Amino acid sequence: MADSTSTEAQLNTTASGENDRKTKRPKIVNVRPEDNLIIREENTKDAAERSAIHSINEAAFGGPDEADLVDKLRAEGVVLVSLVAEIPERIVGHILFSRMSIETAAGSVSAVAVAPMAVLPKHQRRGIGGRLIHHGLNLLRNRGEHIVIVVGHPDYYPRFGFSSEKTRSLESPFPQDAFMAMELSPGVLDGVRGVVRYPHAFGI
Ligand SMILES: CC(C)(COP(=O)(O)OP(=O)(O)OC[C@H]1O[C@@H](n2cnc3c(N)ncnc32)[C@H](O)[C@@H]1OP(=O)(O)O)[C@@H](O)C(=O)NCCC(=O)NCCS
């Protein structure tokens, strides 16, 4: 077995025999748990998974309200998509999409609410939230949904295509800049004027 001195020498020696740390030092790749992340639908039958989702929402929001909201939305039967972000053997993020509507003079228009979304504080700012949203929007598009509405950080959601411009004709109790919509089919919100109606669980 080579001793550490000779190994070091081999690693730092160029083909021409000169020491050159830059050309011969092996690249050290820092593998983070997030590199093995998968996004998948929640297993609704798994009580441990439901409990993990509850804990993630509690930890991310610093209180039980959003965690309880998830349970209420499930009980109301309005959940369309519930996704978890999983690193090996651990769930670290969650996003939930539920059925809502826009009540217009011509009738009710189906839409989807995004809420809540949470990533464990230790794993934030590593792209997990973004992957949850992208995955969810793709699923919804494939399932024939047309309109997605979010109330959230005005600096965060526009990067995924949400815009407060798209909610100008929609009535809601939220501040205009935080109240954003996204068209999964371009132009589908054109001419839609009305009041948004959220599931009862939101208490709006
Ligand atoms: C919001 C949240 C889900 C994002 O998850 P994430 O995995 O950290 O997100 P990503 O890594 O994909 O994106 C990180 C970006 O989110 C932005 N971001 C995170 N929290 C933000 C906040 N409160 N306001 C504005 N931007 C925020 C960061 O600026 C960062 O952007 P940058 O990398 O350009 O600086 C996560 O921060 C979280 O759980 N927050 C607490 C709960 C919450 O606020 N949920 C959303 C309710 S609208």
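Residues numbered from 1 in each chain as written. Predicted model: local features only at pLDDT ≥ 70, side-chain atom pairs only at ≥ 80, totals over all residues.

Caption draft 1: Here's a closer look at the site of the ligand. Inspection of the region around the ligand gives 16 residues, with Ala60, Gln124, Gly129, Gly130 and Gly152 positioned closest. Within the residue set of the shell around the ligand, elements represented by two or more residues are helix 3 (47–61), strand 4 (107–119) and helix 5 (128–142). (Near = placed C-beta within 6 Å. Helix = DSSP H or I, 4+ residues; strand = E, 2+ residues; numbered from the N terminus.)

Caption draft 2: Examining the nonpolar core more closely. Counting 45 residues, the largest nonpolar core has Val112, Ala113, Val114, Val148, Ile149, Val150 and Ala181 as the members making the most contacts within it. Looking at this core, the elements that each hand over two or more residues are helix 3, helix 4 (65–76), strand 2 (79–87), strand 3 (90–104), strand 4, helix 5, strand 5 (147–151) and strand 7 (179–183). Here the element with the most residues in this core is strand 4; it accounts for eight residues. Non-local contacts of Val148, meaning those with residues more than four positions away in its chain, are made with Ala111, Val112, Val114, Leu137, Leu140, Ala181, Met182 and Leu184. (Core = buried A, V, L, I, M, F, W, Y, C linked by C-beta atoms within 7 Å. Buried ≥ 20, exposed ≤ 12 C-beta atoms within 10 Å, placed from the backbone. Contact = placed C-beta atoms within 7 Å.)

Caption draft 3: Just the packing of helix 3 against helix 4, in detail. Where helix 3 meets helix 4, the closest approach of the two axes is 7 Å, and the angle between their N-to-C directions is 145 degrees. Taking contact as the criterion, the partners of Ile53, His54, Asn57, Glu58 and Phe61 in helix 3 are, on helix 4, Asp65, Glu66, Ala67 and Val70. Classifying every residue of the contact of helix 3 with helix 4 by side-chain character gives four nonpolar, two polar and three charged. (Axes fitted to C-alpha atoms, helices over the stretch in contact; angles between N-to-C directions. Nonpolar A, V, L, I, M, F, W, Y, C, P; charged D, E, K, R; others polar.)

Caption draft 4: Representation of the environment of Glu41. Checked against the element boundaries, Glu41 lands in strand 1 (residues 38–41). Classification of Glu41 as exposed rests on a count of 12 C-beta atoms within 10 Å. Through-space distance from the C-alpha of Glu41 to that of Leu83 is 4.4 Å; in sequence the pair is 42 residues apart. Among all residues touching Glu41, those that are not within four sequence positions of it are Val81, Ser82 and Leu83.

Caption draft 5: Representation of helix 3 in the model. With 15 residues, helix 3 extends 21 Å between its outermost C-alpha atoms, agreeing within 8% with the 21 Å of an ideal straight helix rising 1.5 Å per residue. Taken as a whole, helix 3 has its buried residues at Ile53, Ile56, Asn57 and Ala60. Mapping the buried residues of helix 3 onto a view down its axis gives an arc of 95 degrees, with all of them on the same face. Seen from the buried face of helix 3, the exposed residues on the opposite side, beyond 90 degrees, are Ala47, Ala48 and Ser51. Looking at the packing, one finds that the buried side of helix 3 touches helix 4, strand 2, strand 3 and strand 4. (Expected span 1.5 Å × (residues − 1). Arc of directions from axis to C-beta.)

Caption draft 6: View of helix 4. For helix 4, spanning 12 residues, the distance from its first C-alpha to its last is 16 Å, which sits close to the expected 16 Å at 1.5 Å a residue. Within the sequence span of helix 4, burial applies to Glu66, Ala67, Leu69, Val70 and Leu73. Seen end-on, helix 4 carries its buried residues on one side only, within an arc spanning 155 degrees. Opposite the packed face of helix 4, turned more than 90 degrees from it, sit the exposed residues Asp65 and Ala75. Tucked inside the fold, the buried residues of helix 4 contact helix 3, strand 2, strand 3 and strand 4. One or two residues past the end of helix 4 sits Gly77, with phi positive at roughly 75 degrees.

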